Amino acid sequence: MLQVINRRPKAFDSVQHFVKYAYSSGLTKNFEAARVSAASQVMPGGASSSGSGSSQEEKQGGFVWVTDLTKTEPYWKGWYSGLSKRFLGVPVPKLLLLAGTDRLDKDLTIGQMQGKFQMKVLPAGHAIHEDEPDKFCEALDGFLTRFRIA
């Protein structure tokens, strides 16, 4: 993940420039979704997370990421360690929506083959619900109907 983070631009000339980056890099595959939600991921350069900065970068119109993801690195392993087993262990119907199967680990692959959860792969980027809102809703509606949850 650190390699992915380090390949990203550190700053953008404008929110519109970031929106174009989000779309062209595959962060999102829906340009309209990028226009609506991507702006919340950047802030005027030098501003604190409260948005009160007044640095030279901000005056020049530069925008930087709101969250410095590198600071979360010490927690990455703990966030995901054992997550698949815990997911599979919950005794309720489950739906896993994915943008691709390339990240399925051994536990999820075996669990899916055993029918422990329903899996749907949508042609999307990181935010499936934003990239493919209609297909996302169809998948969720079908799941809820199938298990008589709604």
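Here the structure is a predicted model, which is why all the values come from computation and not from measurement. (Residues numbered from 1 in each chain as written. Predicted model: local features only at pLDDT ≥ 70, side-chain atom pairs only at ≥ 80, totals over all residues. Heavy atoms only, no water.)

Before going further, it helps to examine the overall build of the protein chain. The helix and strand inventory of the protein chain stands at nine helices and five strands. In sequence order, the protein chain lays out its α and β elements as α-β-α-α-β-α-β-α-α-β-α-β-α-α. When the 150 residues of the protein chain are sorted by exposure, 29% land in the buried category. Sequence separation of 24 or more characterises 45% of the internal contacts of the protein chain that already satisfy a separation of 6 or more. Total accessible area on the protein chain is roughly 10300 Å²; 54% of this is exposed by carbon and sulfur atoms. (Helix = DSSP H or I, 4+ residues; strand = E, 2+ residues; numbered from the N terminus. Buried < 20%, exposed > 50% of the residue type's maximum accessible area, 1.4 Å probe, protein only. Contact = heavy atoms within 4.5 Å. Areas by Shrake-Rupley, 256 points an atom, 1.4 Å probe, with all protein chains shown as cover.)

Before going further, it helps to examine the pairing of strand 4 (residues 95-98). A regular strand places its side chains on the two faces of the sheet in alternate fashion. Residues of strand 4 alternate between two faces, with Leu 95 and Leu 97 on one and Leu 96 and Leu 98 on the opposite face, all of them buried. Taken together, the four bridges between strand 4 and strand 5 (residues 118-121) define a ladder with parallel strand orientation. Of the residues in strand 5, the one forming a bridge with Leu 98 is Val 121. (Pairing = 2+ DSSP bridges.)

Backbone geometry places Arg 148, a non-glycine residue, at a positive phi of 50 degrees. Mapped onto the fold, Arg 148 is located in the segment after helix 9 (133-146).

With the rule as written, the count across this model stands at one salt bridge. Across the pair Glu 32 and Arg 35 runs a salt bridge whose closest N-O atoms are separated by 2.8 Å. Taken together, the residues span about one helical turn, with Glu 32 and Arg 35 both in helix 3 (residues 31-37) at a distance of three residues. A residue is classified by how much of its surface remains accessible, and Arg 35, at 48% relative accessible area, is partly exposed. (Salt bridge = Lys/Arg side-chain N within 4 Å of Asp/Glu carboxyl O.)

The next subject is helix 9. Since the α-helix advances by 3.6 residues per turn, residues separated by three or four positions end up pointing in the same direction. For helix 9, which comprises 14 residues, the first-to-last C-alpha distance of 20 Å matches the rise-based estimate of 20 Å (1.5 Å per residue) to within 8%. Just downstream of helix 9, Arg 148 is the residue with a positive phi angle, here 50 degrees. (Expected span 1.5 Å × (residues − 1).)

Our focus in this paragraph is the side chain of Glu 132. For Glu 132, the location among the structural elements is in the loop between helix 8 (128-131) and helix 9. Look at Glu 132: it is buried, it has no salt bridge, and the nearest opposite charge is Lys 135 at 4.2 Å. (Lys, Arg positive; Asp, Glu negative; His and termini not counted.)

Once that is clear, we can look at the environment of Thr 72. Along the chain, Thr 72 falls in the loop between strand 3 (63-65) and helix 5 (76-80). The class for Thr 72 is buried, based on a relative accessible area of 19%. A polar atom in the side chain of Thr 72 sits 2.8 Å from the side chain of Trp 76. (Polar contact = N/O pair within 3.5 Å; in protein donor to acceptor, adjacent residues only side chain to side chain.)

With 89% of its residues at a pLDDT of 70 or more, the protein chain shows a mean pLDDT of 88. A low-confidence stretch, residues 48-60 (pLDDT under 50), is modelled with 16 contacts involving residues beyond four sequence positions or located in other chains. (pLDDT = per-residue confidence, 0-100.)

Attention now goes to helix 2 (residues 15-24). Taken as a whole, helix 2 has its buried residues at Phe 18, Val 19, Tyr 21 and Ala 22. Buried residues along helix 2 cover an arc of 160 degrees about the axis, so they all sit on one side. Among the exposed residues of helix 2, those oriented more than 90 degrees off its buried face are Gln 16, Lys 20 and Ser 24. Its buried side turned inward, helix 2 meets strand 1 (11-12), helix 3, strand 2 (42-44) and strand 3. Just downstream of helix 2 lies Gly 26, where phi reads positive at about 90 degrees. (Arc of directions from axis to C-beta.)

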